[in-house]
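Residue strings, one per chain:
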Amino acid sequence: MGTGSKSSHQSYAVSPTALAEAPPVPPDITGAPNAAEGTDLTGAAAGGTGGAELEELELSQLPAEPAEAAAAEDALAELDALLGTEPAPEPDVSATGPEEEFQEASAEPEPEGLAAEGELQGSGEEAPTEEAGLLHADDILEVQEEEEETDPPLTPVPAAPPVGEPTGTPLLVGGDDFINSEATLVAYDSPDGPREVLLTHISEEAEEKLLDALSIPGTHMEEIQVEEQVKERLDLDKEKKLAELTKTAISSVQHKLKTGSEMSEASIAKHQAAFDAVADVLHNPSISDEEEAMALHYLHQLQVVKDKIDNGGSVMPWMDAYEVTETKMVTKQIPVPNGEPEPGTLAATVRKASRIKASLDPETGQSSWDGVTRSSANGTEYEIDMGDGWTAVYRPYKDNDPKHTEFSLRGQLEVHAPAGAGHGKDLVERLEQLHLMNKPMTAAEGEWTYLSNNIQAQGLGEADGMQAAMATAQGLQDLQVQEIVHQRMETLMGLDSGALQTAMKRIQLEAAHKVLPMKVEVVRDAVAKASGFSGGAELAASPGYEPIPSTSGKWLTWSRFDVTGKQAEIQGAFKGRSLTHSLHGGALSSLLGTGVLASTEKRAVMGIGGGLGMSEQADKMTGGANSVFLRVKKTPNQPSGGMLIWDDPSVLMRRSDYYAYNGDHYGAINPAHHNYNENAITRDPMKIAKFSAAGNEVMFRNGLDLFGAEAPSRIVCHTAAERTTILASLASRGITHMGGKAVEDVLCTSDDYS
């Protein structure tokens, strides 16, 4: 059932009297005032500035000299041999890309602090054995500070997230490894001290990288020698190619028999070649009895072929090669259920899927968890030992069949620090152990995520030039990897296989980070042309281009420029229509306790108990549990109590993470679920504005901010007494405005419309 008919699409928290002071303001990366001041949290995002039109980047323009390039190619081949991999295909760099920027990026000295465990700078001098590739802590800090000064993170990582804050601290992590590049740091209160956890959702494309970091029982393979009976052809047969010649003759004649055509000279010649080869073997007096039997086997087959050449007739029966059974020792790979982790990997155990079972205190508004208690879920997860008391829990895509398991949990990752405070930055850095990006997102990386989200939201993936641009972007990254490998070749060649694989993983991450500005420029230009702009510079200068995310409650959201640049058109399309959310259980006071309308999955980690809605479990199977549900309705003139109303839907339509159905589909994004309909799902705000079905639904990922820029224009209380209680609670926490309006003007009762 859709919004308005089920309460699973609602969010509940704590009593409005729970907090004695205003909740911590979420990180504001847009420069806007906070909600308590009654102003728009979104602010005016800085518009990107476009670079010049990209020039053609030919292979001849690459920074390496011909001799150096040849040396690098030879060295890469040696590395491929060491790693046991095939050489990567030559990347296509025929698409646009600024030569000067590539040379600057690829020739930039590598931060030495990134070298570890034998991954050294290729300086041409042999480093001391004990300290090869390592820097002192002060040196590493200096490198990190220099990077932050030139391109500071959009969301700085706190050393210690606020303890007990149910929604945690939102972060943006660079690269494409995480959905919307988002992660959340949560510090649960517990008797043993804060339990700090990083929660994120990795993309399906990044899963192989993560799995490559693990040793999972049953997937660790070990070579053993076993005695087996095998069927093989004789060596003389392989040498003289009797089977191949005979089969060629049979196939040629068989074709003529099937089509009823006359035998050709070519078919006759093929038979004669096979017959001559077999006769030559039979005339050799030194052949063994087994070899003679083999030759006679083929002679018999060729006699059948000769009869068909002379007389025609029906097709011949299938004829097999001559094989003998031998007992041999063969090498086989078998899974080792509980083998030792492979070098450089993390031990993982497979278990039934679960979720953190936190609890939210209705009096204090604090979220707590003992670090152990978990609720069961329908699926499979890996518990990962990261060493030194650090652990992770991952719910893989590959081991959770979307037909039978909870779709909303696939790709969820938890990283757990030991008990105690102060692990915020380490929680992000530890992602490297899982072969995932582990640096806070910079502005350049933010624009990449912004563009990626707009490509999906606006359906630009199949537009002319888009796939070519993506291929070029990947090619640039591959070239950057080669450049770094070339610079460090001398030291890389001295590593053993395990250390080399570790070094190459780090080089991949480093290359992705360094080449990103070029990738952004290539893709921005393609997005611009697909959207009717002359190029990337014009798109970046347009009023609606906002490559910096906004804070929505305690989550970060990205906008779409086809809405932010045409707000008046969106408002016109929704004229006389609103977005609504109806509560059918719980109370408005509980909902406003945390100030967010949260999805089923978010409520679970916040500590808000389940069972509040009619279809929570169904939403987990469809994937709708990762979103909150709203409905398009004719603007209510006499709304009932317990309703949230957005009279200006463009406030929410500016987001890039929503999708919708003109009917009740339980928010299905699971292609294997019967409620999913690829042809009915849409992300087009103009189509959504025309929804007419009573059960239509619009899904927003994670949740909505009820106090800031996304606040509803009206919140309808059941009674005047309920309104008075909520107003008093908001006043005690210093909350005077919602979405720029005084709370007294937002909160109303159904009696106000009678």
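Heads up: these notes are all about the structure in this document. Given the structure is predicted, the values throughout are model-derived calculations rather than measurements.

## Observations concerning the overall build of the protein chain
Inference 1: Along the backbone of the protein chain there are 24 helices and 25 strands.
Inference 2: The proportion of buried residues among the 754 residues of the protein chain is 51%.
Inference 3: Counting only contacts in the protein chain whose residues sit at least 6 apart along the sequence, the fraction spanning at least 24 positions is 77%.
Inference 4: With the model as given, the accessible surface of the protein chain reaches about 33400 Å², and the carbon-plus-sulfur share is 51%.

## Brief notes about empty space enclosed by the protein
Inference 1: Tallied over the full model, the rule gives six cavities of 30 Å³ or more.
Inference 2: In this structure, the largest cavity spans a volume of roughly 310 Å³.
Inference 3: Considering the residues around the largest cavity, the lining is formed by 19 residues, among which Leu199, Thr200, His201, Gln412 and Lys602 are closest to the centre.
Inference 4: Those elements that provide at least two residues to the lining of the largest cavity are β2 (178-188), β3 (195-202), β7 (346-356), β12 (412-416) and α19 (600-606).
Inference 5: A class-by-class count of the residues in the lining of the largest cavity yields five nonpolar, seven polar and seven charged.

## Observations regarding the pairing of β2
Inference 1: For β2, a buried count of ten out of eleven residues is recorded, marking the element as mostly surrounded by other parts of the structure.
Inference 2: Pairing between strand β1 (residues 169-172) and β2: four bridges, direction antiparallel. Following the sheet pairing, Thr169 is matched in β2 by Leu185.
Inference 3: Two elements, β2 and β3, share seven bridges in a ladder whose sense is antiparallel. Residue Phe178 lies in a different strand from β3, and its bridge partner there is Ile202.

## Observations regarding the packing of aromatic side chains
Inference 1: This structure, assessed with the given rule, holds five aromatic pairs.
Inference 2: Judged by centre distance (5.0 Å) and plane angle (90°), the ring pair of Tyr450 and Tyr545 falls under edge-to-face. With Tyr450 in helix α10 (residues 443-457) and Tyr545 in the loop between α15 (536-541) and β13 (550-552), this residue pair connects regions lying 95 residues apart in the sequence.
Inference 3: Measuring from ring centre to ring centre gives 5.5 Å for Tyr658 and Phe700, while their planes differ by 50°; the resulting arrangement is tilted. Within this pair, whereas Tyr658 is found in the loop between α21 (650-653) and β19 (659-661), its partner Phe700 is found in strand β20 (residues 697-701), the two being separated by 42 residues in sequence.

## Some remarks on the packing of α10 against helix α14 (residues 516-530)
Inference 1: Where α10 contacts α14, the two axes come as close as 9 Å, and the packing angle between them is 30°. Here α10 lies roughly parallel to α14, going by the angle between them. In terms of crossing hand, the pair formed by α10 and α14 is left-handed. Between α10, through Ala444, Glu445, Glu447, Trp448, Leu451 and Ile455, and α14, the contact on the second element is made entirely by Leu516, Pro517, Lys519, Val520, Val523, Arg524 and Val527.
Inference 2: Of the residues assigned to the contact of α10 with α14, the class counts are nine nonpolar, no polar and four charged.

## Topic: the sheet that holds β19
Inference 1: Taken in spatial order, the seven strands make up an open sheet running β19-β20-β17-β15-β18-β22-β25, and their pairing is mixed. Looking along the sheet, the strands with just one partner apiece sit at the ends: β19 and β25 (747-749). Going from strand to strand, the sheet's axes swing by 30° on average, the running direction of each strand aside.
Inference 2: Pairing analysis gives three bridges linking strand β22 (residues 714-717) to β25, with the strands arranged parallel.

## With respect to unusual backbone geometry
Inference 1: Unusually for a residue other than glycine, Ser181 sits at a positive phi of about 60°.
Inference 2: Tracing the backbone shows Ser181 in strand β2.
Inference 3: In the Ramachandran plot, Asp388 falls in the positive-phi region, its phi being about 60° despite a non-glycine side chain.
Inference 4: Within the secondary structure layout, Asp388 lies in the loop between β10 (374-387) and β11 (390-394).
Inference 5: Judged by its relative accessible area of 68%, Asp388 falls in the exposed class.

## Some remarks on the nonpolar core
Inference 1: Residues Leu579, Leu630, Trp646, Met653, Ile688, Val698 and Phe700 are the most contacted members of the largest nonpolar core, which totals 37 residues.
Inference 2: Of all the elements in the fold, those that place two or more residues in this core are α18 (588-591), β17 (627-634), β18 (643-646), α21, β20, β22, α23 (720-732) and α24 (743-746).
Inference 3: In this structure, Ile688 is in contact with Phe574, Val632, Met653, Tyr658, Ala660, Thr682, Arg683 and Val698, ignoring residues within four places of it in sequence.
Inference 4: Counting residues in each nonpolar core, the second largest holds 32 residues, with Phe178, Ala392, Leu431 and Leu509 among its members.

## Some remarks on the pattern of salt bridges
Inference 1: This structure, assessed with the given rule, holds 26 salt bridges.
Inference 2: Its salt-bridge partner being Glu510, residue Arg488 comes within 2.9 Å of it at the nearest N-O pair. Within this pair, whereas Arg488 is found in the loop between α11 (466-487) and α12 (489-492), its partner Glu510 is found in helix α13 (residues 497-514), the two being separated by 22 residues in sequence.
Inference 3: A residue is classified by how much of its surface remains accessible, and Arg488, at 1% relative accessible area, is buried.
Inference 4: With its nearest N and O atoms 2.9 Å apart, the salt bridge here joins Arg714 to Asp647. A residue pair is termed long-range when its members are at least 10 positions apart, and Arg714 in strand β22 and Asp647 in the loop between β18 and α21 qualify at 67 residues.
Inference 5: For Asp647, a relative accessible area of 30% gives the class partly exposed.

About the thresholds
- Each residue is numbered by its place in its chain's sequence as written, counting from 1.
- At least 70 in pLDDT is required for a residue's local features to be given in this predicted model, at least 80 for side-chain atom pairs to be given and counted, and no such filter applies to totals for whole chains, interfaces and linings, which use all residues.
- Just so you know, side-chain values use all the structure's heavy atoms and leave hydrogens and water out.
- Helix numbering and strand numbering both begin at the N terminus, where a helix is a DSSP run of H or I of at least 4 residues and a strand a DSSP run of E of at least 2.
- Relative accessible area decides the class of each residue, using a 1.4 Å probe on protein chains only: under 20% of the type maximum gives buried, over 50% gives exposed, and in between gives partly exposed.
- What makes two residues a contact is simply this: any of their non-hydrogen atoms within 4.5 Å.
- Only the protein chains shown count as cover for residues, with accessible areas throughout obtained via the Shrake-Rupley method and a probe of 1.4 Å.
- Here a cavity denotes a set of grid points, spaced 1 Å apart and computed over the protein atoms alone, in which a 1.4 Å probe fits but from which it cannot get out, and a pocket denotes an open set meeting protein on both sides within 12 Å along at least five of seven lines; residues with an atom within 4 Å of a point are reported as lining.
- Grid points are joined across faces, edges and corners, and a volume is the space filled by probe spheres set on the points.
- Side-chain classes follow a simple rule in which Ala, Val, Leu, Ile, Met, Phe, Trp, Tyr, Cys and Pro form the nonpolar group, Asp, Glu, Lys and Arg form the charged group, and the remainder, Gly included, forms the polar group.
- Any two strands with at least two DSSP bridges between them are considered paired.
- Centre distance within 6.5 Å is the pairing criterion for rings of Phe, Tyr and Trp, where only the six-membered ring of Trp is used; planes under 30 degrees apart are then read as stacked, over 60 as edge-to-face, and the remainder as tilted.
- Between N-to-C directions, angles cover 0 to 180 degrees, with each direction set by a line fitted to C-alpha atoms, over the stretch in contact for helices.
- Any angle between 65 and 115 degrees counts as roughly perpendicular, while under 35 counts as roughly parallel, over 145 as roughly antiparallel, and the rest as oblique.
- By definition, any crossing whose near helix is turned counterclockwise from its far helix by less than a right angle is left-handed, and any crossing with a clockwise turn is right-handed.
- Nine residue types can take part in a nonpolar core, namely buried Ala, Val, Leu, Ile, Met, Phe, Trp, Tyr and Cys, and a core is a set of them joined through side-chain atoms within 4.5 Å.
- Basic side-chain nitrogens of Lys or Arg form a salt bridge, by our definition, when they fall within 4 Å of a carboxyl oxygen of Asp or Glu.

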